[in-house]
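Descriptive analysis of the structure
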Amino acid sequence: MAENTMSVIQIGQLNLRIPGRSTDTAHQVGNGIAQGLAQKVPTANHHRLGALSVRVQASANATESEMSDAIADSIVSALSKESSKSTSKARKP
């Protein structure tokens, strides 16, 4: 049986601006982002983050899933960069 490696991500506040889409779509995208992050961020990398700003451009006909995946990937990339900065600062004498 496969082990469930999905983790829990708590997002205190998520502001999305999706021009031309409904509030319901934004909620679906937000839920997809949380699910994607829970799957993509290794448990060892979980940490508290004050604020993170990412900009993602998607085509006008992108699905909710495509938008969620693109945003989650962008957040994972930004978290990785933040983690690298923290690690390098901790190593300096």
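The structure under discussion appears in the preceding block.
Rules of the game
- Residues numbered from 1 in each chain as written.
- Predicted model: local features only at pLDDT ≥ 70, side-chain atom pairs only at ≥ 80, totals over all residues.
- Heavy atoms only, no water.
- Helix = DSSP H or I, 4+ residues; strand = E, 2+ residues; numbered from the N terminus.
- Contact = heavy atoms within 4.5 Å.
- Areas by Shrake-Rupley, 256 points an atom, 1.4 Å probe, with all protein chains shown as cover.
- Core = buried A, V, L, I, M, F, W, Y, C linked by side-chain atoms within 4.5 Å.
- Buried < 20%, exposed > 50% of the residue type's maximum accessible area, 1.4 Å probe, protein only.
- Expected span 1.5 Å × (residues − 1).
- Patch = residues over 30% accessible without salt bridge, like charges linked within 9 Å, V, L, I, M, F, W, Y side chains within 5 Å.
- Salt bridge = Lys/Arg side-chain N within 4 Å of Asp/Glu carboxyl O.
- Polar contact = N/O pair within 3.5 Å; in protein donor to acceptor, adjacent residues only side chain to side chain.

With that out of the way, let us pick up the overall build of the protein. If you tally the helices and strands in the protein, you get two helices and zero strands. Taking as baseline every contact in the protein between residues at least 6 positions apart, the subset at least 24 positions apart corresponds to 75%. A total of about 7,400 Å² of accessible surface is found on the protein, and carbon and sulfur atoms cover 47% of it.

As for its placement among the helices and strands, Gln39 is situated in helix H1 (residues 23–40). For the pair Gln39 and Ala72, spaced 33 residues apart in the sequence, the C-alpha separation amounts to 9.8 Å.

Moving on, we come to the nonpolar core. The nonpolar side chains of a soluble globular protein tend to be buried with one another. Counting 11 residues, the largest nonpolar core is built from Ile18, Val29, Ile33, Leu37, Val41, Ala62, Met67, Ile71, Ala72, Ile75 and Leu79. Of all the secondary-structure elements, those providing two or more residues to this core are H1 and helix H2 (64–91). Here this core gets five residues from one element, more than from any other, and that element is H2.

With 18 residues, H1 ought to run about 26 Å at 1.5 Å a step, and its terminal C-alpha atoms sit 25 Å apart, in line with that. Within H1, burial applies to Thr25, Val29, Gly30, Gly32, Ile33, Gly36, Leu37 and Ala38.

What follows is about the side chain of Thr25. Following the sequence through the fold, Thr25 ends up in helix H1. Other than its neighbours up to four places away in sequence, Thr25 contacts Glu64 and Met67.

As a further point, take a nonpolar patch on the surface. Among the surface-exposed residues, Leu49, Leu52, Val54 and Val56 lie close enough to one another that they form a single nonpolar patch of about 240 Å² accessible area. Its location among the elements puts Leu52 in the loop between H1 and H2. Of the residues examined, Leu52 reaches a relative accessible area of 35% and is grouped as partly exposed.

So, on to the pattern of salt bridges. If you walk through the whole model with that rule in mind, you get one salt bridge. Between Lys40 and Asp73 there is a salt bridge, with the nearest N and O atoms lying 2.6 Å from each other. With Lys40 in helix H1 and Asp73 in helix H2, the pair connects residues that are 33 residues apart, well separated along the chain. According to the relative accessible area criterion, Asp73 is partly exposed, its value standing at 42%.

Its location among the elements puts Ser68 in helix H2. Assessed through its relative accessible area of 3%, Ser68 is described here as buried. A distance of 3.1 Å separates the side chain of Ser68 from the backbone oxygen of Val29, its partner in a polar contact. The residues contacting Ser68, other than those within four sequence positions of it, are Gln28, Val29, Gly32 and Ile33.

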